Amino acid sequence: LILSHLRLHRLTVLDHCWQQVYRATVREPRGPTMATPDQNPSVPTEAALRARLRPEEYDVLRRGGTERPWSGTDILEEHRTGIYRCRACGAELFRSTEKFESGCGWPSFFDPRDSDAVVLRTDTSHGMVRTEVRCARCGSHLGHVFDDAPQTPTGQRYCINAVCLDFAPAES
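Residues numbered from 1 in each chain as written. Predicted model: local features only at pLDDT ≥ 70, side-chain atom pairs only at ≥ 80, totals over all residues. Heavy atoms only, no water.

1. Some details on the packing of aromatic side chains
Working definition: an aromatic ring pair is given by the centre-to-centre distance plus the angle between the planes.
Okay, step 1: Counted under the stated rule, the structure contains four aromatic pairs.
Okay, step 2: Aromatic side chains Tyr84 and Phe109 sit 5.1 Å apart centroid to centroid with 70° between the ring planes, which places their arrangement in the edge-to-face category. Of this pair, Tyr84 sits in strand 1 (residues 82-86) while Phe109 sits in strand 4 (residues 108-109), and the two are 25 residues apart along the sequence. Taken as a pair, Tyr84 and Phe109 share a single burial class, namely buried.
Okay, step 3: Here the aromatic rings of Phe94 and Phe109 are separated by 4.3 Å at their centres, their planes lie at 15°, and the arrangement is stacked. Here the residue Phe94 occupies a position in strand 2 (residues 92-95), and Phe109 occupies one in strand 4, the gap between them amounting to 15 residues.
Okay, step 4: Taken together, the aromatic side chains of Tyr84, Phe94, Phe109, Tyr158 and Phe167 make up a single cluster linked through ring pairs. (Phe/Tyr/Trp six-rings, centres within 6.5 Å; stacked < 30°, edge-to-face > 60°. Helix = DSSP H or I, 4+ residues; strand = E, 2+ residues; numbered from the N terminus. Buried < 20%, exposed > 50% of the residue type's maximum accessible area, 1.4 Å probe, protein only.)

Below is the structure:
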């Protein structure tokens, strides 16, 4: 009976810890740094995004979440020529010619479509310092960029959540 009670207590404590971690990672939309329809008419409203995006897409794009690695196989396994666009606002972000296989479980690019396609900012969440990548048009969170790809022309790996991207194949 005592062992049973201890096991139940341990499970309760673990459940409580998991809930705290989950609450810490689920954030509200990033207020002042997110573009609004007033600032840019091509940016959908939060209500329109909530209605159009699946919950996991909204969580990553607008709350800065992260999808599980290897979960975006449609984008990971895409090898046609084309453009990757922001799923929230449709802005052109990356070309297929800048995509490479990094083995990290998320789509990786070594350079954005042009220097104004994305915005970089310091991210100090989760007890580390990283460089966050956001869509320059709507401010949606896309992923992070790392200087750990010496095999690429830029030495950088833009590690982007697949749920943030739509692929548009090039017209033949």
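From this point, the narrative continues.
2. Observations concerning the environment of Glu67
Okay, step 1: Topologically, Glu67 is positioned in the loop between helix 3 (55-63) and helix 4 (73-76).
Okay, step 2: You can call Glu67 buried: its relative accessible area is 9%.
Okay, step 3: Separated by ten residues in the primary sequence, Glu67 and Glu57 have C-alpha atoms spaced 8.6 Å apart.
Okay, step 4: Other than its neighbours up to four places away in sequence, Glu67 contacts Val60, Trp106, Ile160, Asn161, Ala162 and Val163. (Contact = heavy atoms within 4.5 Å.)

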